[in-house]
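Understanding the architecture of this molecule
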2 protein chains.
Amino acid sequence: MNPHTSVTLQNERAKANFSSDDMMRFMVGNEIINNRNRALEIIRANPELFDQTDIYYLHRTDKLEKALKQEAYLQGLRRQGKITAQDIVEVLDILDWTTPFALTRIMFIPTLEQQCNEEQREVFLKPALDYRIVGCYAQTEVGHGSNIRALETTATFIEETDEFEINSPTLTSTKWWIGSLGITSTHACVMAQLYVKGKHIGLFPIIVPLRSMVDHKPLPGVNVGDIGPKLGFNTMDNGFLNFDKVRVPRFNLLQKYINISRDGTITRPNNIDTRVTYGTMVYVRATIARGMGFQLSKALTIAIRYTSTRRQFGSDIDRPETPVLDYPIVQYRLIPLLAKAFAMIGMSHEFFAQYENTVKRIENGDFSTLKEMHAVSCGLKRWTSDTAVYGIDTCRHACGGHGFSMFSGMNEFFGDMYQNLIVEGDNYMIAKQTASYLVKSAQSIKTSEQIESNDTTNMINKYLNSNPSSSQGDMFSWSQKSAADIASSHDTLLDLLGYRFVNIVNDLTVKIYGNKQTWEESSVANQAIATSHSEYIVCLYFKRHLDKLYNSSTFNPNIKPILDILFKITALSFLTKSSADLFGFSDKASMTFSQIKGLEAEYIKYIKFARVQAVPLVDSIGISDEKLNSSLGRYDGYVYEDYVKRAMREPVNAEDNIIRDKFYKEYIGPVLKSKQ
Amino acid sequence: MNPHTSVTLQNERAKANFSSDDMMRFMVGNEIINNRNRALEIIRANPELFDQTDIYYLHRTDKLEKALKQEAYLQGLRRQGKITAQDIVEVLDILDWTTPFALTRIMFIPTLEQQCNEEQREVFLKPALDYRIVGCYAQTEVGHGSNIRALETTATFIEETDEFEINSPTLTSTKWWIGSLGITSTHACVMAQLYVKGKHIGLFPIIVPLRSMVDHKPLPGVNVGDIGPKLGFNTMDNGFLNFDKVRVPRFNLLQKYINISRDGTITRPNNIDTRVTYGTMVYVRATIARGMGFQLSKALTIAIRYTSTRRQFGSDIDRPETPVLDYPIVQYRLIPLLAKAFAMIGMSHEFFAQYENTVKRIENGDFSTLKEMHAVSCGLKRWTSDTAVYGIDTCRHACGGHGFSMFSGMNEFFGDMYQNLIVEGDNYMIAKQTASYLVKSAQSIKTSEQIESNDTTNMINKYLNSNPSSSQGDMFSWSQKSAADIASSHDTLLDLLGYRFVNIVNDLTVKIYGNKQTWEESSVANQAIATSHSEYIVCLYFKRHLDKLYNSSTFNPNIKPILDILFKITALSFLTKSSADLFGFSDKASMTFSQIKGLEAEYIKYIKFARVQAVPLVDSIGISDEKLNSSLGRYDGYVYEDYVKRAMREPVNAEDNIIRDKFYKEYIGPVLKSKQ
């Protein structure tokens, strides 16, 4: 007797009131769809090498070997011209892990591209691009993280020999966490405190060879190794590194921002605007934000497919049990996350468009959009990673006990994703970047200073300018409206989200500029400000993406109604979660008790609508079974068959098992049969 | 040059304004202190066997072996009369993991104790108590969890042979998640649907032999194995089990609640009140609740010691960086958790006292306190596990990047703790148990029905009885008071917490009894109700424990001021977190904007006070280095020395390393040097 799960999933798909293919083209976009398909072809052409179903049983050492083997094979294809460097990235994205070569791609090569002069490009970048050398970016030290000014590693100019001497003066100066360092890198780009003629110049990157190009053994004075097991990311060889007075040629200092001459004279090119580097940070954060949308979609694909097929309890004892996703408390946890995953992916199109606009302006010497882009990107990195990591956790918990099994696909994955809360600026610290831009902008507007016009300042201007340009009805568009009317208007929802962030920004602005509260004392307030600003931006950008449906004949209009509902759920989840904010609106902005409570009822109503489309919605993000690597989330719905099959492969279950025999002979048997 | 961390930790301890030893006696209690000390002696007498520092590098199979080896050794000591069965539990609590024998202790033996008749005690219980047989409790099936009525395994009475035939009719009927089953158990207590003479009798426990007592091989018709790797708890051999028409004697049906005669006549003893089993559930949940307090304390010990010594940024570039715990945003995340850990441990003394009172009454046939105890125990299991699991996560994140390393001690541990959200009633489902008691009680009080008097109904009565006994000033004790006055009174804080839960209970009562809303539609509301009721009970019980300080000369009064502050922080964290509730108070209960905002300011103020005592506070819970198993949390503060030492033991770092050589020869070298 087979379980019903596969049929149930087909029935869920039959309820779709839109085309999943059309939805995928609009939400994911043809470029990503094509890249993914090409990568899937590479994977499916070598199913044994790329089979990831065994990873849950592997020791870390064996995982490292598996990843290295895949990388070596892919590099072979690349050298044969069969695939591109980008294809390698796409393949690993689907395999959903990394290899020990990743940081040479992500950090070493980009740093060389940005900071080498022409001669250095030839010596370092060219071999790096062909993986003749592989490198890492060695900045963080075991005692020093975010505060890079406190880094202790030194690079001292030795005029006699025309070299730099790289040294690690203390235990805490040991480089730590450096990806691709532990077993792989031949070179490191070391961030060191530069000293020239006894004078401290600042922190600069220097290329230091680490391992012999003959036998890969560490070079003299280089103490290097792997930092050991981690919560996740265990196929990455994060490493440690310290130097006992290691010498490198003066040439190895990357020379884009600084130049040391033979006699130790320092020059800095004056045509460089260091603000350009902010552009790179914006790009990295936009990439994280989009990635978080896809990774959250992975967890949702598993949880929504599984809770649609898993049944439990029911109204009638003689009938089949009720699908778990039919329970309001399960919908309430999963459907808003589904809406947010769509919002993340949708808004990322606009985020990249804004980024590209900023880059184009910078190339023309116009930095006017950079500050807001920086504030937005910090906020969105923070909001998307927080929402995705804890969203994955919610999905895992919604799968009940089976979420705890590695075969759910939720756990290896959770560990890998967790680092996104911390990298590229810890989420609690990075909030200040957003909040300080907002507070400064608010103060400028309140004191009628000239300020650049953008999405953020326009909203602040709307509510804080003492000479409002719009009439009151336009400003407080929720006034006098029923909750149903508020919830059905994208613009009113955006006004509410906008006013909500402006209101708390204004509170902090008064405290900082009026009461001289310090920024340090404001770190708690910063969190709420960064979050509420991001929630506004997410909805604004998502809406801009949705607006393309109205102005184009490219997309099938049947995808509009459900996207409209997902927008509303996203906005309402933000508004209802912190209803204390809404209660705090005063005077002309104030909301009534019945408006606030009514929004909660609208929220629940839209969640029920979206539940019916949940399976086709996750299908339309197109996360392949290879990436899911999950019994619970399989596309075909054969949940329990796959689950049992995976359990049978647990090493201690093997036939003629020497492990189990040993356990019995040495430990279990003696307990049962001891003569004593 | 050594890092300062050890000295810094000593300086933190010097700030203590109370005695850690006195605090430990009051909070932890002499019984637990003595048990722990005895267990530590056992551990320290065999440091090699009990060294847990290597577990982070081990494959699951090796972890299983290590745990089995420890169990076999401990059983040997027990048989020699050197230690007791309870000592084994205490030792494993400090080692902070489990062995594959755990479920025979936790579930198999207790079930036999409760449900065997005299003859069965001799045959099953006696050998189980001496570990001559080891067993498991086989209830959950792969397709069926909480809804036990849907379990599919059958036990059919075969009159011809006087046997039961145990059968697994479907894939989904496979027993799953059963602890101690995968490699260890000789017997299972199988929960099966009993059929006698073609009639379905119900779900009953039957003892089924699984493995040969000669060679431990599975018996004919028994298909058994391990379910594979999990997020945590990997030294437990959770297993699967199905039966192909396996016969056992009629005798093996546990006969406390049912009796089947030779001819299939069913009798049920009529002197049994099944409500007694609720008492056991209360005890199990009280044990979980107290355990959660200690486990959260473990994470806090690590995070608070580490953030006291870790430094980052600072006001002045020429001075040492600022300890991370001095940053308000770090205090704001850790100190309320510290207060809650103290509240959990403190309140558990009262919780057990209430439980014992209930048991004593039941023994005298008085079931009047059982319903509230059941509701309270569900709520506290839910609240403590949720607070502890996500509290551990907060502690991990507060350690920054190093929290991601296994050597933080936070990650193996998080995985092990996570299951507490799901076992003994999933936290989202169990909320209904609490909410339905509250709503029914509220309805009884509103309709002037007779109802038992207890902590919960007294508070509902205070605010919902139409003939209030107390004057209004007493009832709404926060009215007209400043925030500072409210925050400084334990009783006023309790009134606020009490009114807050009664208020939302009343809302749901009106919907259910007035508007005929179903319980299913109420599952979202149940969550808030269960949480706010638990928050009231936690503070009430914690206060009762603190009151012992006032009525006793046993305890040193120097521990009072800081405990008073921890109580206030706990209460204020509950009140300020959901200030929308406070805004929602109406009429005579209403709070002003300045009261609500003022409570937030008081909260921050008390957090700052408690920060100074944070290190001595975690010291006074007395979590040993053996249990911490953490570089970051070491008592002596040698954080970085220990961290580096552990990294050096990572297998790929070994000298003359065949793994690393292989990686280079087969994968890394070919990429670097390929001729193509």
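Residues numbered from 1 in each chain as written. Chains lettered and ligands numbered in written order. Predicted model: local features only at pLDDT ≥ 70, side-chain atom pairs only at ≥ 80, totals over all residues. Heavy atoms only, no water.

1. Here's the deal with the overall build of chain A
Put simply, the rule reads: Each helix is a run of DSSP H or I of at least 4 residues and each strand a run of E of at least 2, with the numbering of both proceeding from the N terminus. The reference for a compact globule is 2.2 Å times residues^0.38; the radius of gyration itself is calculated from the C-alpha atoms. The buried label applies to any residue whose accessible area, calculated with a 1.4 Å probe on protein chains only, is under 20% of its type's maximum; exposed applies above 50%, and partly exposed to all values in between. Contacts: residue pairs with any heavy atoms within 4.5 Å of one another.
Of the regular secondary structure elements, chain A holds 24 helices and 11 strands. The C-alpha radius of gyration of chain A comes to 28 Å, within 12% of the 26 Å expected for a compact globule of 676 residues. Taken along its principal axes, the extent of the C-alpha atoms in chain A is 85 × 80 × 60 Å. Relative to its full complement of 676 residues, chain A shows a buried share of 62%. For chain A, the share of sequence-separated contacts (at least 6 apart) that also reach a separation of at least 24 residues comes to 74%.

2. Quick word on the domain arrangement of chain A
Residues and elements named next belong to chain A. This is how the line gets drawn: Note: domain ranges come from an automatic or database domain assignment. Each of two parts loses accessible area, computed with a 1.4 Å probe, when they are put together; buried area is these two losses added. Whenever Lys or Arg places a side-chain nitrogen within 4 Å of a carboxyl oxygen from Asp or Glu, that contact is recorded as a salt bridge.
Split by domain assignment, chain A resolves into domain 1 (106-270), domain 2 (281-467 + 474-620) and domain 3 (639-673). Distance between the C-alpha centres of domain 1 and domain 2: 39 Å. Taken together, the contact pairs 5 residues of domain 1 with 5 residues of domain 2. With both sides pooled, the region where domain 1 packs onto domain 2 buries about 420 Å², and carbon together with sulfur makes up 65% of that total. Sorting the residues of domain 1 by area buried against domain 2 places Ser146, Leu231 and Phe233 first, and these three jointly supply 83% of that buried surface. The tally of links between domain 1 and domain 2 comes to 0 salt bridges.

3. Examining the sheet that holds strand β7 (residues 222-226) of chain A
The following threshold applies: A strand pair is defined by DSSP finding two or more bridges across the two strands. Angles here are taken between N-to-C directions and fall from 0 to 180 degrees, while the axes themselves are lines fitted to C-alpha atoms, restricted in helices to the stretch in contact.
Spatial strand order, β4-β8-β7 (chain A): 3 strands in an open sheet with antiparallel pairing. Bordering the open sheet on either side are β4 (175-178) and β7 of chain A, each of which pairs with just one other strand. Between one strand axis and the next, the sheet turns by 20 degrees as a mean value, whatever way the strands run. With 2 bridges joining them, β4(A) and strand β8 (residues 239-243) of chain A adopt antiparallel strand pairing. Following the sheet pairing, A:Ile178 is matched in β8(A) by A:Gly239. Contacts between helix α23 (residues 639-648) of chain B and the sheet are confined to β4, β7 and β8 of chain A, with β4(A) contributing the most and set at about 55 degrees to the helix.

4. A closer look at the sheet that holds strand β8 (residues 239-243) of chain B
Residue and element names in this part refer to chain B. If you trace the 3 strands from one edge of the open sheet to the other, you get β4-β8-β7, paired in antiparallel fashion. Either end of the sheet is taken by a strand with one partner, and the two such strands are β4 (175-178) and β7 (222-226). On average, adjacent strands in this sheet sit at an angle of 20 degrees to one another, irrespective of strand direction.

5. Concerning the interface of chain A and chain B
Condition: Distance and chemistry together define a polar contact, namely a pair of N or O atoms within 3.5 Å, with one atom able to donate a hydrogen and the other to accept it when in protein, and with adjacent residues in sequence counting only for side-chain atoms on both sides. Under the scheme applied here, ten amino acids are nonpolar (Ala, Val, Leu, Ile, Met, Phe, Trp, Tyr, Cys and Pro), four are charged (Asp, Glu, Lys and Arg), and all others, including Gly, are polar.
In this assembly, 121 residues from chain A lie in contact with 121 residues from chain B. Between chain A and chain B, roughly 10,500 Å² of surface is buried when both sides are summed, and carbon and sulfur atoms account for 67% of that area. Between the two partners, chain A and chain B, sit 6 salt bridges. For the interface between chain A and chain B, the tally reads 50 residue pairs in polar contact (both at pLDDT 80 or more). Taken together, the residues of the side of chain A that touches chain B break down into 60 nonpolar, 34 polar and 27 charged.

6. Structural notes on helix α18 (residues 560-577) of chain A
Our working rule: Expected helix span is taken as 1.5 Å per residue step, with the number of steps being one fewer than the number of residues.
Compared with the 26 Å implied by 1.5 Å per residue over 18 residues, the 26 Å span of α18(A) between its first and last C-alpha is a close match. Most of α18(A) is tucked away, with 14 of its 18 residues classed as buried.

7. Quick look at the pattern of salt bridges
Note that side chains of opposite charge can pair when their charged atoms are close. Tallied over the full model, the rule gives 88 salt bridges over all chains. A salt bridge links A:Glu163 to A:Arg247, with the nearest nitrogen and oxygen atoms 3.2 Å apart. Placement of A:Glu163 in strand β3 (residues 163-167) and of A:Arg247 in strand β9 (residues 246-249) is noted, with a sequence separation of 84 residues between them. One salt bridge connects B:Lys175 with B:Glu141, and the closest N-O pair in it is separated by 3.2 Å. A residue pair is termed long-range when its members are at least 10 positions apart, and B:Lys175 in strand β4 and B:Glu141 in the loop between β1 (135-138) and β2 (154-158) qualify at 34 residues.

8. So, the state of the cysteines
Here is the rule: Count a disulfide wherever a pair of cysteine sulfur atoms falls within 2.5 Å.
With the rule as written, the count across this model stands at 0 disulfides over all chains. With no disulfide of its own, A:Cys395 lies closest to A:Cys399 among cysteine sulfurs, the gap being 7.2 Å. Here B:Cys378 is not disulfide-linked; the sulfur of B:Cys539 is the nearest cysteine sulfur, at 20 Å. Looking at B:Cys378, the relative accessible area reads 0%, which means it is buried.

9. Side note on the UniProt feature "domain: Acyl-CoA oxidase C-terminal" (unreviewed entry) in chain A
For clarity, the threshold we go by: UniProt positions are given in the numbering used here, feature names are shortened, and annotations may be inferred rather than shown by experiment.
Mapped onto this numbering, the UniProt entry gives "domain: Acyl-CoA oxidase C-terminal" (unreviewed entry) at residues 491-673 of chain A. Helix makes up 70% of residues 491-673 of chain A and strand 0%, and the two end C-alpha atoms of the span are 76 Å apart.

10. Comments concerning the relation of the copies chain A and chain B
Definition in use: All copies are superposed by least squares; the fitting set is the C-alpha atoms of residues with a pLDDT of at least 70 in both.
When chain A is fitted onto chain B, the two copies agree to an RMSD of 0.1 Å after a turn of 180 degrees and an axial shift of 0.0 Å. Accordingly, the operation relating the two chain copies is best matched by a two-fold axis. Of the C-alpha atoms belonging to chain A, the one lying closest to the rotation axis is found on A:Ala580, 2.0 Å away. Interface residue correspondence from chain A to chain B reaches 100%, placing this contact among same-surface, isologous pairings.

11. Notes on helix α5 (residues 85-95) of chain A
All names here are of chain A. When we look at burial in α5, the residues that qualify are Asp87, Ile88, Glu90, Val91, Leu92, Ile94 and Leu95. Buried positions along α5 lie against α3 (30-44), α4 (60-79), α6 (102-115) and α22 (625-628). Directly after α5, the chain includes Asp96, whose backbone phi takes a positive value near 60 degrees.

12. So, the side chain of A:Thr98
All names here are of chain A. With respect to the helices and strands, Thr98 occurs in the loop between α5 and α6. The buried category is assigned to Thr98, whose relative accessible area is 11%. When residues no more than four places from it in sequence are discounted, the contact partners of Thr98 are Ala67, Phe233, Thr235 and Met236.

13. Overview of empty space enclosed by the protein
What counts is decided by this rule: Only protein atoms enter the 1 Å grid used here. Points where a 1.4 Å probe fits but cannot escape make up a cavity, open sets with protein on both sides within 12 Å along at least five of seven lines make up a pocket, and a residue lines them when an atom lies within 4 Å of a point. Grid points are joined across faces, edges and corners, and a volume is the space filled by probe spheres set on the points.
All chains considered together, the criterion is met by 6 cavities of 30 Å³ or more. In this structure, the largest cavity encloses a volume near 780 Å³. Lining the largest cavity are 44 residues, with A:Lys63, A:Asn234, B:Lys63, B:Asn234 and B:Met406 positioned closest to its centre. For the lining of the largest cavity, the secondary structure elements donating two or more residues are α4 and α11 (411-418) of chain A together with α4 (60-79) and α11 (411-418) of chain B. Considered as a void within the structure, the second largest cavity measures approximately 110 Å³ in volume. Taken together, 14 residues make up the lining of the second largest cavity; nearest its centre are A:Ile55, A:Leu95, A:Asp96, A:Lys298 and A:Glu412.

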